[in-house]
Amino acid sequence: MTLTSLTIAEARDQLRAKKISAVELTEAHLAEMTKQKALNAFVTETPDIARARAKEADAALAKGDAPALTGIPLGIKDLFCTEGVLTTASSHILDGFKPRYESTVTAKLKAAGSVMLGKLNLDEFAMGSSTTTSYYGPTINPWKAKGSGADLVPGGSSGGSAAAVAGGLAMGATGTDTGGSIRQPAAFAGIVGVKPTYGRCSRWGVVAFASSLDQPGPMTRTVRDSAIMLQAMCGHDPKDSTSSKLAVPDFEKALSRGVKGLKIGIPKEYRPDGLNAEVAALWDQGIAWLKDAGATPVDVSLPHTKYALPTYYIVAPAEASSNLARYDGVRFGLRVAGQSLDEMYSKTRAAGFGPEVRRRILIGTYVLSAGYYDAYYLKAQKVRALIARDFEQAFTQCDALLTPTAPTPAFAIGAKFDDPVAMYLNDVFTVPASLAGIPGSSVPAGLTSTGLPLGLQVLTKRWDEETMFAVSQTLEDAAAFKRLV
Amino acid sequence: MAYILKGETGDWEVVIGLEVHAQVVSNAKLFSGAPTTFGAEPNSQVSFIDAGMPGMLPVINEHCVAQAVKTGLGLKAKINKCSVFARKNYFYADLPQGYQISQYDQPIVGEGAIVLDMPDGSTRAIGVERLHLEQDAGKSIHDMHPQKTFIDLNRAGVGLMEIVSKPDLRSPEEAGLYLKKLRSILRYLGTCDGNMEEGSMRCDANVSVRPVGSNELRTRCEIKNVNSVRFVMMAIEHEARRHIEVYDAGGTINQETRLYDANRDETRSMRSKEMAHDYRYFPDPDLLPLVLDDAFIAKLKSELPELPDDKKNRFVKDYGLTAYDADVLVSERENAQFFETVAKGRDAKIAANWVISNLFGVLNKQGKAIAESPVSADDLGALLDLLADNTLSSRMAKEVFEIMVDTGKAPGAIVEERGMKQVTDTGAIEAAVDKIMAENPDKVAEIRAGKDKLIGWFTGQAMKATQGKANPAMLAELLKKKLAP
């Protein structure tokens, strides 16, 4: 057992037992980051901050005054604003941007004693499912298919987070999930990813993609670690009007609940014709595991599922087109000079945004424009309400839903790049829950015949992360998934 | 009197609707908590939210909401218990977010009315279409550098109430009365200081014309940002005449936005309909719908002050004032209060006359507001008391008043100091009259013979003999008796 393969829970106990120090734990991770630099998981490494915080952590541990994550080295998705540290959203347009403020989530993680290792790569402005649209180059999945040296994508948009955690560069990482950006990369990299209920974690200080969907969450190697990390990340924030005032339950405590007596809904719409056979088989295996643990599978229907992706690709770009208007070269980030204000805008935004971001701004601008608003945006909002109602009705028949996280395992870097729609299909199983605002996790549950990880997704009703954690823990126990580290 | 403009082809009537932007009286901005002090150093009142920094989120300022509801109640308008903030998207250098948070199809206040007090004493109700809350933009300063534009964001994010009238106004005069009345109501409520010079109240006028007798609504032009009541009236008249000239020449009016140039008294095209922005309004996903409960509205209602219309009616009914005098007194709350202090326990008509003719005359001449009046309400009341108990004649009272204005002294003290007490002792007056009669027997004979005009000469002599202090009524009575044939 090396220091970089410890889980957060294990490291927490060993730090408290003084078996290891925060400084050596941090140094081990900094060394691993250097060793695996080729993964391109980090946009910015912050070893100085890491070492300083590790020292503080050891001091706190010595005093016996150490909050939950004291000394735990974490990576931060480069969508979270971090005070004095370059924050890029993996976009050229934020060139040189060092915020003078700290996002609520990272401030909470800091207050919980964690050690920031650096800022993790993502798809530009979190728009993508492969972490290949980053201005700072693609991140490489630490997993390789059997007998192949081909570089695979880590999924996205939180691909840097997934690769860092899977490869042992960080014990955990923050992600953000708008349509699957935590869950899909977690599945591709064989780790656990949790998207909490919309409103559970504050969005304040997180660079916005689609405000009504964006939600921060943890990415870790075990379900327990996600429970520990989420506990430290969430809670009401008066600075975010969409942040919930509900009391936060004890997530770690919910892990041992088991699934006995629970009804697990199996939505038939998630098993389309031609679903990848290995994905389908693993899903069946998951159902069997839960049944063995005392749960009852029930068939449910989410009839509007097929409209989820088109709905998402109207709502998310619409919000993004407006959210990204502030990147205009006037106050921060990149500016390309022009003869007039309009020319400065066009030149700056043309140089600053990559093709996928430009595509979504154009789509979003189009669906909001006069004459098209009713047909697209307004219609999409109505369908979104129907999708949310599908889930509400399903949860009258069951306690949780079990589905595959993604329709395929990780694919090679370079595949699907010429066809945006094929890329968008990656999110087909994760997007509906995002539209409904319900919590979901991805748990690594097995390998394909080529040795690539696959994940299962657990969905529960709003604010019921406890059941989501209990089911996820049961799956993890049954799957006995063999991690990379 | 109907306002009719003569054209070559016939008589025309003007149709006017006004949009007033009234800055909410509040110490903090609408969504950011930054201060709103007028005239502060450029860019010193700007939060990260106002500057549109990445990841920043708006949080509604409850005080501004209360101010809008109060205003709605003051306009006897429908308060919408659920309203929605929407983004109005456009690019400009002084609009940091790239959108203005406003309200679109669900404003906080619905239909109401403003009653105009016409000079002939009649009233006319003008419909209010809606009132909504929105953010102000920053200021672009183009004249500080030959090539560059400077941006001051102090105003960015300040709360505005946009109050939209129905197209009910029919003359520049009505438009002026509407603005003055609206200003008066806002100032009574304390929701806007109504200061047009400082820009805390700005007006856009929508103007069209139609042949007298017609009910059609012809193409209108919007004249933007006119910054005084007088200019609004001039701009409307100019614009109406321009429309008539175009129609008379067989042309058509294009819907467009125009600017009024007060120096040249003309309007100029700013942008045509084709160039108009497509604002791509959509509900702001960072903010929840604004939901007001009955108790909140009821509390604000119970705290409403007496408003100008009610006060005016009360002044007419309780004090017996003319509608005109009541109007003049109630236009400013402080004026009305001053009057009521003076009138308390005294003859209200005399009090009104003194306040309007004498005090307002002085204040106008000195360019002072009532708060800076050199004569206090109590002192003016005391002066009226001296008049009422015959200590002073009205001529003497005016003299004392002038001294009060110059010195700020109380009337009692002035009378004391200068021995200005009116002589009401019949004996003293009689002695003076007797002396004059004795010294001028020829004149006594003449008047007794019927030369009535000589009574003025006797009055003058008696006044001179008493240093002007003789009570004029008593003197007249005495002379009449003594000089009777």
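Everything quoted here is computed from the prediction, not taken from an experiment.

Chemist: Any chance you could explain the overall build of chain A here in plain terms?
Modeler: The helix and strand tally for chain A stands at 16 helices and eleven strands. Relative to the globule expectation of 23 Å for 485 residues, the C-alpha radius of gyration of chain A, 21 Å, shows essentially globular dimensions. For chain A, the spread of C-alpha atoms along the principal axes amounts to about 65 × 55 × 50 Å. Relative to its 485 residues, chain A shows a buried fraction of 65%.

Chemist: Sorry, what's going on with the overall build of chain B here?
Modeler: Secondary structure summary: chain B contains 15 helices and 16 strands in total. What you see for chain B is a C-alpha radius of gyration of 30 Å, clearly larger than the 23 Å of a compact globule of 485 residues, by over 25%. Along the first, second and third principal axes, the C-alpha set of chain B runs to 100 × 55 × 50 Å. Excluding contacts between residues fewer than 6 apart, the proportion of contacts in chain B whose partners are at least 24 apart in sequence is 67%. Total accessible area on chain B stands at roughly 22,900 Å², and carbon and sulfur atoms take up 51% of it.

Chemist: Quick question: what am I supposed to make of the interface of chain A and chain B here?
Modeler: How big an interface is tends to be stated in terms of accessible area lost as the parts join. Contacts between the two partners involve 39 residues from chain A and, on the opposite side, 29 residues from chain B. With both chains or domains summed, chain A and chain B bury close to 2,800 Å², and 60% of this area falls on carbon and sulfur atoms. Among the residues chain A hides against chain B, the three largest losses belong to Tyr101, Ser241 and Arg326 of chain A. Together they make up 22% of the total. Applying the counting rule to chain A against chain B returns one salt bridge. Arg203 of chain A is paired through a salt bridge with Asp286 of chain B; the nearest N and O atoms lie 3.1 Å apart. Seen at the junction of chain A and chain B, the total is 16 residue pairs in polar contact (both at pLDDT 80 or more). Counting residues per element, the ones that place at least two in the side of chain A that touches chain B are α10 (308–323), α11 (341–352) and α12 (355–368) of chain A. For the side of chain A that touches chain B, the leading source of residues is α10 of chain A, giving five residues. Of the residues assigned to the side of chain A that touches chain B, the class counts are 20 nonpolar, ten polar and nine charged.

Chemist: Please explain the packing of helix α2 (residues 172–189) of chain B against helix α3 (residues 229–248) of chain B as it appears in this structure.
Modeler: The packing of two helices is summarised by the inter-axis angle and the distance between the axes. All names here are of chain B. Between α2 and α3, the shortest axis-to-axis distance is 9 Å and the interhelical angle comes to 155 degrees. Judged by the angle between their axes, α2 and α3 are roughly antiparallel. Relative to α3, α2 is oriented so that their crossing is right-handed. Contacts from Pro172, Glu173, Ala175, Gly176, Leu179 and Lys180 of α2 reach α3 at Val229, Val232, Met233, Ile236 and Glu237. In terms of residue class, the contact of α2 with α3 is built from seven nonpolar, one polar and three charged.

Chemist: When you look at empty space enclosed by the protein in this model, what are you seeing that I'm missing?
Modeler: The rolling of a water-molecule-sized probe over the atoms marks out the regions of remaining empty space. Per the stated rule, a full pass over the model turns up seven cavities of 30 Å³ or more. If you trace the largest cavity, you find 13 residues lining it, with Ala208, Asn323 and Arg326 of chain A together with Gly55 and Met56 of chain B closest to the centre. Looking at the lining of the largest cavity residue by residue, the classes come out as seven nonpolar, three polar and three charged.

Chemist: I keep staring at the side chain of Arg202 of chain B and nothing clicks. Help me out?
Modeler: Residue and element names in this part refer to chain B. Residue placement: Arg202 occurs in strand β11 (residues 201–211). One polar contact links the side chain of Arg202 to the main-chain carbonyl oxygen of Gly199, over a distance of 3.0 Å. Sequence-distant contacts of Arg202, that is, excluding residues within four places in its chain, are made with Glu19, Val20, His21, Asp136, Arg155, Leu160, Asn225 and Val226.

Chemist: Please clarify how the packing of aromatic side chains should be interpreted in this entry.
Modeler: Geometrically, a pair of aromatic rings is defined through the distance of the ring centres and the angle of the planes. Per the counting criterion, the structure on display carries 31 aromatic pairs over all chains. Plain terms: the ring middles of Phe315 of chain B and Tyr319 of chain B are 5.3 Å apart, the flat faces sit at 70 degrees to each other, and that makes the pair edge-to-face. A residue pair is termed a helical-turn pair when its members lie 3 or 4 positions apart in one helix, as Phe315 of chain B and Tyr319 of chain B do in helix α5 (residues 308–319) at four residues. Pairwise contacts between aromatic rings join Phe97, Phe125, Tyr327, Phe332 and Phe353 of chain A into one cluster. A cation over a ring is seen here: Lys239 of chain A above Trp204 of chain A, with NZ or CZ 3.6 Å from the ring centre.

Chemist: Which parts of the structure should I look at to understand the nonpolar core?
Modeler: Across soluble globular proteins, nonpolar side chains show a tendency to be buried alongside one another. Counting 160 residues, the largest nonpolar core has Leu69, Phe125, Phe391 and Leu402 of chain A as its most contacted members. Broken down by element, the residue count for this core peaks at nine residues, all from α10 of chain A. Apart from the residues within four sequence positions on either side, Phe125 of chain A is in contact with Leu79, Ala89, Ser91, Ile93, Leu94, Val207, Ala208, Phe209, Leu324, Tyr327, Phe353 and Val357 of chain A. One finds Val14, Ala22, Tyr247 and Ala397 of chain B within the second-largest nonpolar core, a separate group that totals 106 residues.

Chemist: Help me out: how do you make sense of unusual backbone geometry in this one?
Modeler: It is generally the case that most residues other than glycine have a negative phi and that most peptide bonds are trans. For the bond from Gly156 of chain A to Ser157 of chain A, the omega torsion is 10 degrees, close enough to zero to count as cis. Residue placement: Ser157 of chain A occurs in the loop between β3 (115–120) and α5 (159–166). Of note in the backbone geometry, Asn43 of chain B takes a positive phi value of approximately 60 degrees without being a glycine. In this fold, Asn43 of chain B is placed in the loop between β2 (11–23) and α1 (62–74).

Chemist: It is not clear to me how the environment of Ser208 of chain B should be interpreted in this structure. Could you clarify?
Modeler: Residues and elements named next belong to chain B. Among the structural elements, Ser208 can be located in strand β11. Separated by 51 residues in the primary sequence, Ser208 and Leu259 place their C-alpha atoms 15 Å from one another. Ignoring any residue separated from it by four or fewer positions in sequence, one finds Ser208 in contact with Glu13, Val14, Val15, Arg218, Thr219, Arg220 and His243.

Chemist: Teacher, can you tell me more about the sheet that holds strand β15 (residues 282–283) of chain B here?
Modeler: The strands that make up a sheet pair up through hydrogen bonds in the backbone, lying either parallel or antiparallel. Residues and elements named next belong to chain B. Taken in spatial order, the three strands of this open sheet run β5-β4-β15, and their pairing is antiparallel. Edge positions in the sheet fall to β5 (99–103) and β15, since each of these pairs with one other strand and no more. Pairing of strand β4 (residues 85–89) with β15 involves two bridges; the strand directions are antiparallel. Residue pairing for β15: Arg87 is matched across the bridge by Phe282.

Chemist: Sorry, what's going on with the pattern of salt bridges here?
Modeler: Where charged atoms of side chains with opposite charge meet at close range, the side chains can pair. All names here are of chain B. Going through the model one piece at a time under the given rule, you end up with 59 salt bridges over all chains. Taking the shortest distance from any N to any O, the salt bridge between Lys317 and Asp318 comes out at 4.0 Å. Among the residues examined, Asp318 registers a relative accessible area of 49% and is labelled partly exposed. Ionic pairing is found between Asp385 and Arg346, a salt bridge with its closest N-O pair at 2.7 Å. Of the two residues, Asp385 sits in helix α9 (residues 377–388) while Arg346 sits in the loop between α7 (333–343) and α8 (348–366), which places them 39 residues apart along the sequence.

Chemist: Explain the environment of Tyr104 of chain B here, please?
Modeler: Residue and element names in this part refer to chain B. Its location among the elements puts Tyr104 in the loop between β5 and β6 (112–117). With 103 residues separating them in the primary sequence, Tyr104 and Val207 have C-alpha atoms 22 Å apart. Setting aside anything within four residues of it in sequence, one finds Tyr104 in contact with Val84, Ala86, Arg130 and Tyr281.

Chemist: Would you mind showing me how to read the domain arrangement of chain B here?
Modeler: Segmenting chain B into domains produces domain 1 (5–300) and domain 2 (426–482). Summarising the inter-unit geometry, the C-alpha centres of domain 1 of chain B and domain 2 of chain B are found 67 Å apart.

Chemist: Sorry, what's going on with helix α12 (residues 426–439) of chain B here?
Modeler: An α-helix turns once every 3.6 residues. As a result, residues three or four positions apart point the same way. Residue and element names in this part refer to chain B. An ideal rise of 1.5 Å per residue puts 20 Å on 14 residues; α12 measures up with 20 Å between its terminal C-alpha atoms. Where α12 is concerned, the buried positions are Ile429, Ala432, Val433, Ile436 and Met437. Projected down its long axis, α12 shows its buried positions confined to an angular sector of 135 degrees, all on one face. For α12, the exposed residues set more than 90 degrees away from the buried face come down to Lys435, Ala438 and Glu439. The elements touched by buried residues of α12 are α13 (441–448), α14 (454–465) and α15 (472–482).

Chemist: Can you walk me through a nonpolar patch on the surface in this structure?
Modeler: Residue and element names in this part refer to chain A. Together, Tyr366, Tyr372 and Tyr376 line one region of the surface with nonpolar side chains, adding up to about 280 Å² of accessible area. Within the secondary structure layout, Tyr366 lies in helix α12. Its relative accessible area of 39% is what places Tyr366 among the partly exposed residues.

Criteria and cut-off values
Residues numbered from 1 in each chain as written. Chains lettered and ligands numbered in written order. Predicted model: local features only at pLDDT ≥ 70, side-chain atom pairs only at ≥ 80, totals over all residues. Heavy atoms only, no water. Helix = DSSP H or I, 4+ residues; strand = E, 2+ residues; numbered from the N terminus. Rg over C-alpha atoms; globule rule 2.2 N^0.38 Å. Buried < 20%, exposed > 50% of the residue type's maximum accessible area, 1.4 Å probe, protein only. Contact = heavy atoms within 4.5 Å. Areas by Shrake-Rupley, 256 points an atom, 1.4 Å probe, with all protein chains shown as cover. Buried area = accessible area lost by both parts, 1.4 Å probe. Salt bridge = Lys/Arg side-chain N within 4 Å of Asp/Glu carboxyl O. Polar contact = N/O pair within 3.5 Å; in protein donor to acceptor, adjacent residues only side chain to side chain. Nonpolar A, V, L, I, M, F, W, Y, C, P; charged D, E, K, R; others polar. Axes fitted to C-alpha atoms, helices over the stretch in contact; angles between N-to-C directions. Parallel < 35°, antiparallel > 145°, perpendicular 65-115°, else oblique. Left-handed = near helix turned anticlockwise from the far one by under 90°. 1 Å grid on protein atoms, 1.4 Å probe; cavity = no way out; pocket = protein on both sides within 12 Å on 5 of 7 lines; lining within 4 Å. Points joined across faces, edges and corners; volume = space filled by probe spheres on them. Phe/Tyr/Trp six-rings, centres within 6.5 Å; stacked < 30°, edge-to-face > 60°. Lys NZ or Arg CZ within 6 Å of the ring centre and 35° of its normal. Core = buried A, V, L, I, M, F, W, Y, C linked by side-chain atoms within 4.5 Å. Pairing = 2+ DSSP bridges. Domains from an automatic or database assignment. Expected span 1.5 Å × (residues − 1). Arc of directions from axis to C-beta. Patch = residues over 30% accessible without salt bridge, like charges linked within 9 Å, V, L, I, M, F, W, Y side chains within 5 Å.

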